[in-house]
Amino acid sequence: MNAPLSFPVQIPDAASVARIAPELDNDERESLRQRAKQLLKQKDAVLVAHYYTDPDLQMLADETGGHVADSLEMARFSHQHSASTVVVCGVRFMGETAKILNPEKRVLVPEMQATCSLDLGCPAGAFSDLCDEYPDRTVVVYANTSAAVKARADWVVTSGIALDIIATLNERGEKILWAPDRYLGDYIQRMTGADMLMWQGSCIVHEAFKADELERLLAKKPGAAVLVHPEAPAPVIALADVVGSTSALIKAVKSLPNETFIVATDRGIFHKMREVAPHKTLIAAPTAGEGATCESCAHCPWMAMNGLRNLVAVLETGNNEIVINESIRARALIPVQRMLEFAESRRVEVVGNA
Ligand code: 13P
Ligand code: SF4
């Protein structure tokens, strides 16, 4: 093998994140909320937010007829909505997926620098070289990638549908080239037994969860259910009662009888979990912790770049529009649509709020 399987990633420091989306006092928060509501109406715009973003943005999306969802449903919602402008509060690949599906719409993001360690760690050139080396493998990429990487893929998958799609490809005898999340890939490989050549990317938030600390915490909370996003390492997944997408974890909090949940995903999700199950106790799963090497401490620094100030700014200026080269977009649409059609045909619930 000549092409590399991983790429170094630069993580933004806490100070630069705080500068981009600073803490707000109540007066400023309220006046920005009112201004954003006015602008959304004036500009025929709809707000779509991921579960990891600031609760202010999630509430605003809900209050203004927008949507708070996982990555796939964000794209599908923006496609079905009649607004001519979609503002995507999340990370860049989510804005790009919305644009891939909605070329006729204007897609804006509050912060262009808001990206993802999986996307950053899988540059299109290096990935394309790897694909060239393995023409016999079916290329399956996670949604957390650039439009250019998606354009090299046979399939795009989200965490909610990845297992079903790989299981089907494996039954057909297809060998897989998987990118970029090695933990999610590893989990799917263990569950399906598929032949998967894996890119070695990772999510800096989920790889920080620690199984030994989680075991110690569980010993103190014997009735708690453990909810884990499959971007976490295998020893953390091994302790899970439920492994699933953000939507699946929110549904689990609502539907399981447990009173206490230990949650191994970005802590931004607690806002929706509290909304759907206000009387339940939610505990963040342990990461490397303060004073250690924790880069994220269970909060994505790129998701944290979205705030009311930069949301209002893009609505006012129209800046930060997602633009994708048309030949890349048209090529990337094929594997994205293939995933949506697969989900439809299987009646698999890959989307939706809890
Ligand atoms: P979901 O599609 O499960 O919301 O995951 C997106 C993501 O970035 C998780 O870190
Ligand atoms: Fe990417 Fe991880 Fe942030 Fe999700 S939480 S956007 S996978 S870095």
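Residues numbered from 1 in each chain as written. Chains lettered and ligands numbered in written order. Predicted model: local features only at pLDDT ≥ 70, side-chain atom pairs only at ≥ 80, totals over all residues. Heavy atoms only, no water.

> I keep staring at the site of ligand 1 and nothing clicks. Help me out?
H50, Y52, D70, S71, N144, S159, H206, H229, E231, S245 and T246 make up every residue found near ligand 1. Within the side chain of S159, a nitrogen or oxygen atom sits 2.9 Å from an oxygen atom of ligand 1. In this structure, an oxygen atom belonging to ligand 1 sits 3.0 Å away from a side-chain N or O atom of H229. The pocket occupied by ligand 1, as judged from atoms lying within 2 Å of grid points, is the largest cavity. Classifying every residue of the shell around ligand 1 gives one nonpolar, eight polar and two charged. (Near = heavy atom within 4 Å. Polar contact = N/O pair within 3.5 Å; in protein donor to acceptor, adjacent residues only side chain to side chain. 1 Å grid on protein atoms, 1.4 Å probe; cavity = no way out; pocket = protein on both sides within 12 Å on 5 of 7 lines; lining within 4 Å. Sits in = over half its atoms within 2 Å of the grid points. Nonpolar A, V, L, I, M, F, W, Y, C, P; charged D, E, K, R; others polar.)

> Any chance you could explain the side chain of K99 here in plain terms?
Along the chain, the position of K99 falls in helix α5 (residues 92–101). E321 provides the closest opposite charge to the buried, unpaired K99, separated from it by 4.4 Å. Ignoring sequence-local partners within four residues, the contact set of K99 consists of K105, V107, E321, I322, I324 and R329. (Helix = DSSP H or I, 4+ residues; strand = E, 2+ residues; numbered from the N terminus. Buried < 20%, exposed > 50% of the residue type's maximum accessible area, 1.4 Å probe, protein only. Lys, Arg positive; Asp, Glu negative; His and termini not counted. Salt bridge = Lys/Arg side-chain N within 4 Å of Asp/Glu carboxyl O. Contact = heavy atoms within 4.5 Å.)

> What am I meant to see in the packing of helix α4 (residues 71–80) against α5 here?
Helix packing for two helices is described by the angle between their axes and how far apart those axes are. One can describe the packing of α4 onto α5 by two numbers: an axis separation of 9 Å at closest approach and a directional angle of 40°. Taken together, the axis directions place α4 and α5 in an arrangement best described as oblique. Where α4 crosses over α5, the handedness of that crossing is right-handed. Along its contact with α4, which presents S71, M74, A75, S78 and H79, the element α5 presents F93, M94, T97, A98 and L101. The residue inventory of the contact of α4 with α5, partitioned by class, reads six nonpolar, four polar and no charged. (Axes fitted to C-alpha atoms, helices over the stretch in contact; angles between N-to-C directions. Parallel < 35°, antiparallel > 145°, perpendicular 65-115°, else oblique. Left-handed = near helix turned anticlockwise from the far one by under 90°.)

> Any chance you could explain empty space enclosed by the protein here in plain terms?
The rolling of a water-molecule-sized probe over the atoms marks out the regions of remaining empty space. Scanning the model with the defined rule gives two cavities of 30 Å³ or more in all. In this model, the largest cavity occupies a volume close to 280 Å³. Around the largest cavity, the lining is made up of 28 residues, and of these Y52, F93, M94, N144 and E231 lie nearest the centre. Each residue belonging to the lining of the largest cavity can be placed in one class, and the counts come to 14 nonpolar, 12 polar and two charged. Quantified by volume, the second largest cavity comes out at close to 60 Å³. Forming the walls of the second largest cavity are S71, L72, F93, M94, T97, A143, K150, V156, T158 and M339. Going through the elements one at a time, α4 and α5 are the ones with two or more residues in the lining of the second largest cavity. With three residues, the single largest contributor to the lining of the second largest cavity is α5. Split by residue class, the lining of the second largest cavity holds six nonpolar, three polar and one charged. (Points joined across faces, edges and corners; volume = space filled by probe spheres on them.)

> What is the right way to look at the pairing of strand β11 (residues 260–264) in this model?
The side chains of a regular strand alternate between both faces of the sheet. For β11, a buried count of five out of five residues is recorded, marking the element as mostly surrounded by other parts of the structure. By the alternation rule, side chains of β11 split into T260, I262 and A264 and F261 and V263, which are all buried. In the sheet, strand β9 (residues 225–228) pairs with β11 via four bridges, with the strands oriented parallel. When the sheet's bridge partners are listed, V226 is paired in β11 with I262. Here β11 pairs with strand β12 (residues 281–284) via four bridges, running parallel. Bridging from a neighbouring strand, I262 pairs with I283 of β12. (Pairing = 2+ DSSP bridges.)

> Hey, could you run me through the side chain of T192 in this one?
One can find T192 in helix α10 (residues 182–192). Among the residues examined, T192 registers a relative accessible area of 18% and is labelled buried. Of note is the side chain of T192, whose polar atom sits 2.8 Å from the backbone oxygen of I188. Ignoring sequence-local partners within four residues, the contact set of T192 consists of L163, I166, A167 and N170.

> Would you mind showing me how to read helix α9 (residues 162–171) here?
Each turn of an α-helix holds 3.6 residues, which means side chains three or four residues apart point in the same direction. A162, I165, I166, T168 and L169 are the residues of α9 that are buried. One side of α9 carries all its buried residues, which in axial view fall inside an arc of 160°. The secondary structure elements touched by the buried residues of α9 are β5 (138–142), β6 (155–157), β7 (176–179), α10, β8 (196–198) and α16 (326–346). Just downstream of α9, G173 is the residue with a positive phi angle, here 85°. (Arc of directions from axis to C-beta.)

> Can you help me understand the sheet that holds strand β1 (residues 45–50) in this one?
Sheets are built from strands paired through backbone hydrogen bonds, the pairs being either parallel or antiparallel. Reading across the sheet, the four strands line up as β2-β1-β3-β4 and stay open at both edges, with parallel pairing between neighbours. Both edges of this open sheet fall to β2 (67–69) and β4 (106–108), since each of them pairs with a single strand only. If you compare each strand with its neighbour and ignore which way they point, the axes differ by 20° on average. Alignment of β1 against strand β3 (residues 85–89), held across five bridges, turns out to be parallel. In the strand pairing of β3, A49 is matched with C89. On the sheet, helix α15 (residues 308–317) packs against β1, β3 and β4 and is oriented at approximately 160° with respect to β3.

> Can you walk me through the nonpolar core in this structure?
Nonpolar side chains in soluble globular proteins generally cluster together in the buried interior. Within the largest apolar cluster, 127 residues are counted, with the highest numbers of intra-cluster contacts made by F127, W178, L227, I262, M273 and L311. Top element by residues in this core is α16. It accounts for seven residues. With near-sequence residues (within four places) excluded, M273 lies in contact with L227, L249, I250, V253, V263 and L282. (Core = buried A, V, L, I, M, F, W, Y, C linked by side-chain atoms within 4.5 Å.)

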